[in-house]
Structure formats: C-alpha cells, structure tokens
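Inside the fold
Spelled out, the chains give:
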Amino acid sequence: MNLPDLKKARIRTDKEVEYIYLNDHYQKLFSGQKYFLKTYGCQMNVHDSEEIAARLESLGFNKTEVLEEADIVILNTCAIRENAHDKLYGFLGRCKHLKKEKKDVIIGICGCMAQEENVVEEIMNKHQYIDIVFGTHNIYKLQDLIINKKEKQNIEVYSCEGDVYENVPYKRESQVKAWVNIQYGCDKFCTYCIVPYTRGKQRSRKSQEIIKEVEELVKNGYKEVTLLGQNVNAYGKELKDEINFAKLLEEVAKTGIERIRFVTSHPWDFTDEMIEIIAKYDNIMPYIHLPLQSGSSKILKLMGRRYTKEEYLTLYHKIKETIPNVAITTDIIVGFPNETDENFKETLDVVNACQFDSAFTFIYSPREGTPAAKIEDKIPMEVKEERLHKLNELINSYSLKANQKYLGKTVKVLIEGVSEKDNTKVFGYTETMKLVNVDNACDKIGEIIDVKITDAKSFSLDGKI
Ligand code: SAH
Ligand code: SF4
Ligand code: F3S
C-alpha cells in the first residue's frame, strides 16, 4: 500500500461512514494467535480498547498479558500531557526488541497520539517496525488493516466530520459494570487541551441507541452503567430534535438499571434540571466529577473555561444542597502560563471552600497546536512542582476527612471482584464512588451489599459485611 497523503487522509467524507463491518463478517484467520493490548489515558480509551479487543477476537486472536507471547501488539495511546508521549516511547523500545526476535509480530498504534500529525510522521520516519497506525475515528477498520497488512506501514488516520457508527462490538472487561458512550469528541476547545483535535468535534449518539444499549446490558445482568463523554452535559446540543442530558439521564434511570454514573461534567453546561433529576432518581448515583481546573477567574478566562470562580462555587453549593450526601471530585491544573502565587492561592481557597472528596491534579503541560502553548511561560518548573505538592497535601487531607465520615456507617457497595493485593478480600464502590475493600465476601461478586466501614484511609475504605 502507498502511504497516504496525510492531509488528504485526514478528511473523512460521509460516504466513508457507510462501511462498517460487524464481527460475524470475519473468518477466524488468526486462530491460536495471541494479542497484547495496552491502554493509556482516560475512560474513553479504556472503552475503545474494549472495541479493539472484540475486533481482534473476531479474527481469532486470544488475549495475553505477556508481551513476549504476542503475535500482535496494539498500543492505544493518550496525548493529554507530554509525559504520555514519554511513557509510550519507553514501551516502544520493548516492542522494537520484540520485532527483532520475532519477525512476524504485528505492532500497531492507535488512540489519541495517532491523531497527531507530527507523531504519525515520526512513526513513518523513525519507527519503521510499527506495522499499522489507526486513529480514534476508524477503529472499525481494524480487522481490514490487519488482514490487508502489507510489507509497508499501513496507516489510516483522519478526522471525522460525519456521523457516529452504531452496533459496535465490545469485549467488556467487567460483567458487573459497563461503559456506554453517549457522545464523541468535544467542542469546548479549552485553550490547553488537545482532545478536540484528537477526537474531533462533538458528535452525540441518538438517545434511542443509548437506551437500547442500556436495556441490553440490564438484560445481560449488568448492575451499573457509566455514561461517557468529554462533556456529557452538552449531550445532544448539536443534534436536531434530540433530548438534553437531563432527559437522557431520566430515560436511562427508567430502564431500571441499578446504578447510573456519568463522566465528565463541564460546569458551564450543568443545569438546574440536571441537578433535580439526579436528586429525584435513586439509581442515579450521588457522585459528580466536576473539574475546576483553577480557582482564579483570570486563569479560567485564559483557559477558555467559560465560568468564573464565583459561578463554580455557586454551582457547587447548589449541587451540595439539592442532592443528599453527594460526593464531588475534581481536576485541577497548576502552573498554567503566568499563574501567579496569588492566582494559585485562589485555587487553594476554592479547595478549602469545597473540600472535595478527591481530585486529580496536574502540572500544566503545553500541547503543540493548542492556543495556550503559544503563551510565553515564565514560571520555573520548581515553582510548579512546589505548587503541585502543596495542593496535593491539601487535597489528600480533605480526602481523608471525607472518608473518615464513613467510619462505623453501613453503606451499599457494588462488589466488583477479588482484590489484587489480597485474595481473601473483594473490592467494590459505594454509591459515592469510594473504593472499599471488604473481608470474606468472595461469593458476593456482582451484588450490591450492605458493608460496615471499619477503617478509612485517604484513598480507600475497609469494611465487613
Ligand atoms: N473533558 C474533561 C477533561 C478531559 S482531560 C473536562 O473538561 O473536564 C482530563 C484532565 O486532564 C482535565 O480535566 C485537565 O485537568 C487535564 N489536562 C488536560 N489538558 C492538560 C494539559 N495540557 N496539561 C495538564 N493537564 C491537562
Ligand atoms: Fe478538553 Fe475542555 Fe473538552 Fe474537557 S471540555 S476535553 S478539558 S477541551
Ligand atoms: Fe488521553 Fe485522548 Fe483521553 S488524549 S485523556 S486518551 S481523550
């Protein structure tokens, strides 16, 4: 195959959306061979990997956890921060070695990094041992890319302006809880973020398709669904005659699935109607991930987040007051270009005011092609690291405090599986998304049980039946 002209290959016409192959289209040409699949990044990628696994298994491949055993290796990459690149290139060294030992092994790269033009160029120029590259919009072509693998690299990357595809096969990792995409891409274009470039503009699935998928999951015994999108609150906005996210939540609640979660909520699109629906239905979990990013309105403006510190706090308190016992977690970036000590202090002030249940915290990482990457940044790395350290200490103290409130209480936990560290224990999550390790309950996997909390740490709880 000739290498495609990248510029041209990135444009996807509506016509191309037409060919979607389901699993039964394929023969098990690779029976007895093994696949190794490594996933970086967010839940979106984790769920995409469930599709990739289903497609590999449709060709006859079986899963292995041992790289050296693999006949095909697929790396599903993330591009959110610079260290994501570093992690991948570290692992690629091992793949290159494997290829030397085992000439026929197929090495494939996909995910968000594969959508970056400079990365694809680098793969074409410097990493000739990589056989196939495909993007986030054309996972459905994986089987064809493998079957038609030629001597040269097989590269299929483009951005998707068209529709979404349905009837996606998934090899779900859990039989208890499932991810359900409700939208793809993102239209928010926060100035630091690469996601709108790697995943394209927002495309919502039709609500009937989502409900159909959830009903199917209920029929198959699933207890929990997590509705997935970069900005779930903006669900349906770009579609004509589609219901909004609050109504979608209500429809999903009516399917009778026992637990509903959703990520990620952007504060800008969070409506009162949503808060009321979450409070109204017992099977919509009282847990909201509400990224703050910064506590300084000046920095929020530079980030393009579309809310001020005051608006965030108002929303936060409204949620807390309306939804009983709700847990709220967040994401925070420190060291955005030219964040002053005073700006950073405002972030600490908001953390003190909100006392989040937990938070993911990051040092700002410039991503080429985003507007923020062009801002000259005069803050030394040591200062950024110091801020991160300070922030983490504060966040952890509130996490511990939030967890300690559970001591001695009895809470409902959905048991997901056996604990990796100690096989006499099982683990599961409370309605508020607290991780609980439970003694002597190996026969309860897949059930929602009452657990009495006996110990509380910053990152988990211990309990017994
Ligand atoms: N759609 C979600 C976030 C997806 S990315 C939202 O808007 O909240 C997950 C988190 O990674 C973000 O919330 C942000 O805190 C962090 N992040 C994104 N881009 C980043 C960058 N360039 N540098 C550091 N952190 C970043
Ligand atoms: Fe990135 Fe902002 Fe979209 Fe989240 S909402 S994915 S941070 S652009
Ligand atoms: Fe990473 Fe792509 Fe998710 S950049 S965080 S895997 S959307």
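Residues numbered from 1 in each chain as written. Chains lettered and ligands numbered in written order. Predicted model: local features only at pLDDT ≥ 70, side-chain atom pairs only at ≥ 80, totals over all residues. Heavy atoms only, no water.

1. Observations regarding the site of ligand 2
Around ligand 2, a shell composed of Cys186, Lys188, Phe189, Cys190, Tyr192, Cys193, Val195, Pro196, Gln230, His266 and Arg305 is seen. Across the shell around ligand 2, the residue classes tally to seven nonpolar, two polar and two charged. (Near = heavy atom within 4 Å. Nonpolar A, V, L, I, M, F, W, Y, C, P; charged D, E, K, R; others polar.)

2. Digging into the packing of aromatic side chains
As enumerated under the stated definition, the model contains ten aromatic pairs in all. Here Phe36 and Phe91 contribute two aromatic rings whose centre-to-centre distance is 6.0 Å and whose plane-to-plane angle is 10°, an arrangement assigned as stacked. Pair noted here: Phe36 is in strand 1 (residues 34-39) and Phe91 is in helix 3 (residues 82-101), with a separation of 55 residues, a long-range link. Phe91 carries the same exposure label as Phe36, and that label is buried. For the ring pair Tyr140 and Tyr165, a centre distance of 4.8 Å and an interplane angle of 65° mean the geometry is edge-to-face. Of the two residues, Tyr140 is situated in the loop between strand 5 (132-134) and helix 5 (142-147) and Tyr165 in the loop between strand 6 (154-156) and strand 7 (177-181); the sequence distance between them amounts to 25 residues. Look at Tyr165 and you get buried, because its relative accessible area is 11%. A connected cluster of aromatic rings, assembled from ring pairs, spans Tyr307, Tyr312, Tyr316 and Phe356. It is Lys38 that lies over the ring of Phe91; its NZ or CZ is 5.0 Å from the centre. The cationic tip of Arg306 hangs over the ring face of Trp268; the distance from NZ or CZ to the ring centre is 5.0 Å. (Phe/Tyr/Trp six-rings, centres within 6.5 Å; stacked < 30°, edge-to-face > 60°. Helix = DSSP H or I, 4+ residues; strand = E, 2+ residues; numbered from the N terminus. Buried < 20%, exposed > 50% of the residue type's maximum accessible area, 1.4 Å probe, protein only. Lys NZ or Arg CZ within 6 Å of the ring centre and 35° of its normal.)

3. A few points about the domain arrangement of the protein chain
Quite often, the size of an interface is put as the accessible area lost when its parts meet. Domains assigned within the protein chain are domain 1 (14-156), domain 2 (177-404) and domain 3 (410-464). Just the C-alpha atoms count here: the centres of domain 2 and domain 3 sit 25 Å apart. Contacts between the two partners involve 18 residues from domain 2, matched on the other side by 18 residues from domain 3. Where domain 2 abuts domain 3, roughly 1,500 Å² becomes buried across the two surfaces, and 53% of that area is made up of carbon and sulfur atoms. In this assembly, domain 2 and domain 3 are joined by two salt bridges. With a closest N to O distance of 2.7 Å, Asp357 and Lys434 form a salt bridge. Secondary structure elements with two or more residues in the side of domain 2 that touches domain 3: strand 11 (259-263) and helix 13 (381-404). If one sorts the elements of the side of domain 2 that touches domain 3 by residue count, helix 13 sits on top with six residues. Class assignment for the residues of the side of domain 2 that touches domain 3 results in six nonpolar, five polar and seven charged. (Domains from an automatic or database assignment. Contact = heavy atoms within 4.5 Å. Buried area = accessible area lost by both parts, 1.4 Å probe. Salt bridge = Lys/Arg side-chain N within 4 Å of Asp/Glu carboxyl O.)

4. Quick word on the nonpolar core
Membership of the largest hydrophobic core comes to 66 residues, with the highest contact counts inside it found for Leu227, Phe245 and Ile319. With residues up to four places along the chain from it excluded, the contact list for Phe245 reads Ile182, Leu227, Val232, Asn233, Tyr235, Phe262 and Met274. Counting 30 residues, the second largest nonpolar core, distinct from the first, contains Ala79, Ile109, Tyr129 and Ile130. (Core = buried A, V, L, I, M, F, W, Y, C linked by side-chain atoms within 4.5 Å.)

5. Side note on the sheet that holds strand 6
Taking strand neighbours across the sheet as the criterion, the six strands line up as 2-1-3-4-5-6 in an open arrangement whose pairing is parallel. One side of each edge strand has no neighbouring strand; the edge strands of this open sheet are strand 2 (62-63) and strand 6. As defined by bridge partners, strand 1 adjoins strand 2 across two bridges and the pair is classed as parallel. What sits directly across from Tyr35, in strand 2, is Lys63. (Pairing = 2+ DSSP bridges.)

6. Details of the site of ligand 3
Contacts to ligand 3 come from Cys42, Asn45, Cys78, Ala79, Ile80, Cys112, Val195, Arg199 and Gln230. Both domains that meet at the shell around ligand 3, namely domain 1 (14-156) and domain 2 (177-404), each give it at least three residues.

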